[in-house]
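The chain contents come next:
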Amino acid sequence: LKEKDARIAHLEREMGIMEGEFQRELDKLSATESETAAFWQAKHSALNQQFLRTDTELRLLRAEVEVREGERDELKAGWEAMRRQLRDKDDEVRDLRGQVKGLKEWVSTSTRSDGGTQTSDEVFGEGMARLGNGLQNWVIVNFRKAKLDLTKATETTLAEVARLVPMYEDLAVTSKINLLQSMVSRLLVELIFEAYFVGLSSDQARQFAQVETFLASFAESPGPINQWRSLSLSMLKKEAGQKLQAETASVTEAVISQINEIFDSLTDLKSTEARDQGLRALVTSAVELSRLLVVQKAVFKVTMPEILPHQKIMFDPATMEDIGGEDEDSLSEREICCVTFPGIIKRGDESGGQLQFRNVISKARVMCAPE
């Protein structure tokens, strides 16, 4: 019995030890579980905070994207508005240009009462430019390689050359092309542009001039006289192609013959059919332009300054154009030495009155003397 009691007491002590160890292990496990739970709870809390920050940043970014998209849409709308405005401005500019062009045409034609014989100033400027360029090309093509020899010319030819270009001796040495062009231009002015109406005989032209002078003695202003001249010569111009053909052809051939006579005498080249055809086309253009000028109610005058020995003619930028291509500011005090092509001066308006008004339609082409 004692032995059993001792055995029971031993077992109870073992059980107490085991219960203590179990309790210690249980407490240890509880502490470990608590630490693990705290760790994961802290981890979860940190992740949650990170998620919230990321979500907030995402929302802010989305809001900013929406703002930028709104700004982009506004800019796009503004760009489209600017493009529309630019198109409207372009349309407005085109309309204004059309209005200006129409206004110019209206100003040029508002006083017409003669069935459209009045022509805008631009037509005369362009026509004179074409004639001048054509003459220059004709001289260059046909006489670029020609030799100029004044010694073989007759006294009659030299006298005519001196009348046309008084300073011809100076130009013959340095400016052969300009000299030849100046002679042709002077003949065109004298025989074509200064004629009362090309195609009329001398007697007929004198009769018209006498009638004009007679009527002017009764008029209080030049307007009615210029209107009469415009209307009368417009009638001639309509029939000039047929009824004045013979006299016109005679004048044309006379100009060609006179030019050939002078040039054949001064150069080592003789006239050819090809050269004459080119010259004939130029003279014909000059005739057409001269007729168009004289049927206007305004007074158009083809002017070609004459350079005489011992007389200085200074460059005038208002009426002259330098063919040397120099700056006009540097030519204000320069003397001209040659006039290669005439210009056109207009006096009065499209009704034939207001002759105090003066307008340079085309500038004379000149060569300035070297400094």
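Residues numbered from 1 in each chain as written. Predicted model: local features only at pLDDT ≥ 70, side-chain atom pairs only at ≥ 80, totals over all residues. Heavy atoms only, no water.

**Description of the packing of helix α3 (residues 155-164) against helix α8 (residues 245-266)**
This is how the line gets drawn: Here the axes come from fitting lines to C-alpha atoms, over the contacting stretch only for helices, and the angles between their N-to-C directions go from 0 to 180 degrees. Here a helix means four or more residues in a row that DSSP labels H or I, a strand means two or more in a row labelled E, and each is numbered from the N terminus. To sort the angles, those under 35 degrees are grouped as roughly parallel, those over 145 as roughly antiparallel, those from 65 to 115 as roughly perpendicular, and the leftovers as oblique. For any pair of crossing helices, the crossing counts as left-handed if the nearer helix is rotated counterclockwise from the farther one by less than a right angle, and right-handed if it is rotated clockwise. In this description, contact between two residues means that some pair of their heavy atoms is separated by no more than 4.5 Å. In this classification, Asp, Glu, Lys and Arg are treated as charged, Ala, Val, Leu, Ile, Met, Phe, Trp, Tyr, Cys and Pro as nonpolar, and every other residue, Gly included, as polar.
Contact geometry of α3 with α8 gives a least axis separation of 10 Å together with a crossing angle of 110°. The orientation of α3 relative to α8 falls into the category roughly perpendicular. At the point where α3 passes α8, the crossing takes the left-handed sense. On α8, the residues touching Thr157, Leu158, Glu160, Val161 and Leu164 of α3 are Gln258, Ile262, Ser265 and Leu266. In the contact of α3 with α8, the residues fall into 5 nonpolar, 3 polar and 1 charged.

**A word on the packing of aromatic side chains**
In plain terms, the rule: Only rings of Phe, Tyr and Trp enter the pairing, Trp through its six-membered ring, and a pair is recorded when the two centres are within 6.5 Å. The plane angle decides the type: under 30 degrees is stacked, over 60 is edge-to-face, the rest tilted. A simple rule labels every residue: compare its accessible area, found with a 1.4 Å probe on the protein chains alone, to the largest value its type can have, and call it buried under 20%, exposed over 50%, or partly exposed in between.
Taken as a whole, this structure holds 6 aromatic pairs when the rule is applied. With 5.0 Å between their ring centres and 85° between their planes, Phe143 and Phe263 make a pair best called edge-to-face. Note that Phe143 is positioned in helix α2 (residues 121-143) and Phe263 in helix α8, a separation of 120 residues in sequence. The same class applies to Phe143 as to Phe263, namely buried. A centroid spacing of 5.0 Å and a plane angle of 70° characterise the contact between Phe214 and Phe218, whose relative ring orientation is edge-to-face. Residue classification places Phe218 among the exposed positions, given a relative accessible area of 61%. The rings of Trp138, Phe143 and Phe263 are connected pair by pair, giving a single aromatic cluster.

**Some thoughts on the confidence of the model for the protein**
Any residue range with low pLDDT should be treated as having predicted coordinates unsuitable for detailed reading. Here is the rule we go by: What pLDDT expresses is the predictor's confidence in each residue, scored from 0 to 100.
Put simply, the protein has an average pLDDT of 86, and 95% of its residues get 70 or more. Throughout residues 109-116 the model reports pLDDT below 50, and contacts reaching past four residues in sequence, or to other chains, amount to 10 contacts.

**A short note on the pairing of strand β1 (residues 299-303)**
To keep things clear, this is the line we draw: Strands qualify as paired when DSSP identifies two bridges or more between them.
Every second residue of β1 is oriented toward a common face, the buried set being Phe300 and Val302 and the non-buried set Val299, Lys301 and Thr303. Bridge analysis of β1 against strand β4 (residues 343-347) gives 5 bridges, and the strand direction is antiparallel. Of the residues in β4, the one forming a bridge with Val299 is Arg347.

**Notes on the packing of α2 against helix α9 (residues 273-294)**
Here α2 crosses α9 at 160°, and the two axes come no closer than 10 Å. Here α2 lies roughly antiparallel to α9, going by the angle between them. Here α2 and α9 pass one another in a crossing that is left-handed. In this structure, α2 contributes Val123, Phe124, Gly127, Met128, Leu131, Gly134, Leu135, Trp138, Asn142 and Phe143 to the contact, and α9 contributes Arg275, Gly278, Leu279, Leu282, Ser285, Ala286, Leu289, Leu292 and Leu293.

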